[in-house]
Amino acid sequence: MTATVSATAAPGVGPAAAVRPAARLSTAKPGGRRHLLSIADLDREGIEEILRLTDMFVEVSERPIPRVPALRGKTVVSLFFEDSTRTRLSFEMAAKRLSADTMSFSVSTSAVKKGESLRDTVETIEAMGIDAIVVRHSAAGVPWQIANWTEGAAVINGGDGWHEHPTQALLDCYTIRQQRGRLDGQRIAIVGDIRHSRVARSDVLAFTALGASVTLVAPPTLLPPTLAGWPVEVSHRLDEVLPSCDVVYLLRLQRERMQEALLPSLREYTATYGLTRQRARLLVPGALIMHPGPVNRGVEIAAEVADQPNSVITRQVRNGVAVRMAVLYLLLGSGVDLGV
Ligand code: NCD
């Protein structure tokens, strides 16, 4: 289901002050709450409107006091059942910059350790009166389940298993648009462990929705068992792809999700698919190097390549806060004056 969300910005909030986003975010039932569960819930127009709203929050983030009262009185909970540094901190910082209250749930210190079920945990948290839950879980589909169990809270998918990571894809789109002007016509190579990557799944949907062409570059063992329905090309030769791409997007080997030996050795992987210093010279000037983090320097990317001027890895992180402000604002603050 999709629903139209309207947000009105107050005068004085940067150049895009009059923007009226109408992004389509998924709802559990018609006319019901709004969630961000999958990139597939957003069409091209919906993604573009989030990116336009992000421009405003980038401007807010650059102020000496980067805070607006848009979500005062709202509470955002991060419910992370899997490790995270940047996604969790980024959502919490985004919520704080919008003046929302934040609560953080850590599995290792919670009643989950005493055998409490996911459903009871969610219902307990919701009973405290919260407005949004950002959830990360190792099982695909958990954010959808939580959206069914909760009554009033908006649910945001912060990464579910190998499945999706929609806000990562939105910040990646924003970063490419910021650096290269647009996504239309960009040739993007996504390299590495596609099979276990929720980032790759959300990125392919978002990049192609905005008109980019995507080539997946990986050994056959690190590709999904079937690519039916994926609007992509596939290559096993990074050296042949690099000279003609505008963006190279590296992925970490997600060894915590590998149940069998999928690679002969790390050294061989790096030799064939790593963005080594020598290989990075095959890129055309101005081509971007991206990575969602965490980076394993010396494996999928050489340490010095990750720090090259055309590497925008830290910019992705910076933009992530503004993108998440835009998403929280759309879900919780629609119609509320930004009040700046
Ligand atoms: C990724 C994730 O957790 O899906 N990181 C992130 O959120 N920025 C990618 C990874 O773990 O390799």
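To keep things clear, this report deals only with the structure shown in the data block. (Residues numbered from 1 in each chain as written. Predicted model: local features only at pLDDT ≥ 70, side-chain atom pairs only at ≥ 80, totals over all residues.)

Moving on: the sheet that holds strand 7 (residues 154–160). Read across the open sheet, the four strands follow the order 5-4-6-7; overall the sheet is parallel. Among the strands making up the open sheet, the edge pair consists of strand 5 (101–106) and strand 7. Sheet twist, expressed as the average angle between the axes of neighbouring strands with direction ignored, equals 15 degrees. Of the pairings in the sheet, the one linking strand 6 (residues 132–137) to strand 7 comprises five bridges and is parallel in character. By the bridge assignment, Val 135 is partnered in strand 7 with Asn 157. (Pairing = 2+ DSSP bridges. Helix = DSSP H or I, 4+ residues; strand = E, 2+ residues; numbered from the N terminus. Axes fitted to C-alpha atoms, helices over the stretch in contact; angles between N-to-C directions.)

Now for helix 6 (residues 198–209). Here helix 6 spans 17 Å end to end across twelve residues, near enough to the 16 Å set by a 1.5 Å rise per residue. Summarising burial for helix 6: eleven of the twelve residues are buried, a large majority. Among all positions in helix 6, only Arg 198, Val 199, Ala 200, Arg 201, Ser 202, Asp 203, Val 204, Leu 205, Ala 206, Phe 207 and Ala 209 are buried. Once helix 6 ends, the next one or two residues include Gly 211, with phi positive near 95 degrees. (Expected span 1.5 Å × (residues − 1). Buried ≥ 20, exposed ≤ 12 C-beta atoms within 10 Å, placed from the backbone.)

Here the focus is the environment of Glu 151. Within the fold, Glu 151 resides in the loop between helix 4 (142–149) and strand 7. Spatially, the C-alpha atom of Glu 151 lies 8.2 Å from that of Glu 126, the residues being 25 residues apart in sequence.

Our next topic: the site of the ligand. Around the ligand, the structure places Arg 86, Thr 87, Gly 159, His 165, Gln 168, Arg 198, Val 199, Arg 252, Gln 254, Pro 292 and Gly 293. Looking at the shell around the ligand, the elements that each hand over two or more residues are helix 2 (86–97) and helix 6. A class-by-class count of the residues in the shell around the ligand yields two nonpolar, six polar and three charged. (Near = placed C-beta within 6 Å. Nonpolar A, V, L, I, M, F, W, Y, C, P; charged D, E, K, R; others polar.)

The next thing to look at is the packing of helix 5 (residues 166–180) against helix 6. Interhelical geometry of helix 5 versus helix 6 gives an angle of 50 degrees and a closest axis separation of 8 Å. By the angle class used here, helix 5 and helix 6 are oblique. For the element pair helix 5 and helix 6, the recorded crossing hand is right-handed. Note on element contacts: helix 6 touches helix 5 through Val 199, Ser 202, Asp 203, Leu 205, Ala 206 and Phe 207, opposite Pro 166, Gln 168, Ala 169, Leu 170, Asp 172 and Cys 173. (Parallel < 35°, antiparallel > 145°, perpendicular 65-115°, else oblique. Left-handed = near helix turned anticlockwise from the far one by under 90°. Contact = placed C-beta atoms within 7 Å.)

Looking now at the environment of Ser 235. The topology assignment puts Ser 235 in strand 10 (residues 232–235). It is 4.9 Å that separates the C-alpha atoms of Ser 235 and Val 217, two residues lying 18 residues apart in sequence. Beyond its immediate chain neighbours, meaning those up to four positions away, Ser 235 contacts Thr 215, Val 217, Glu 240 and Val 241.

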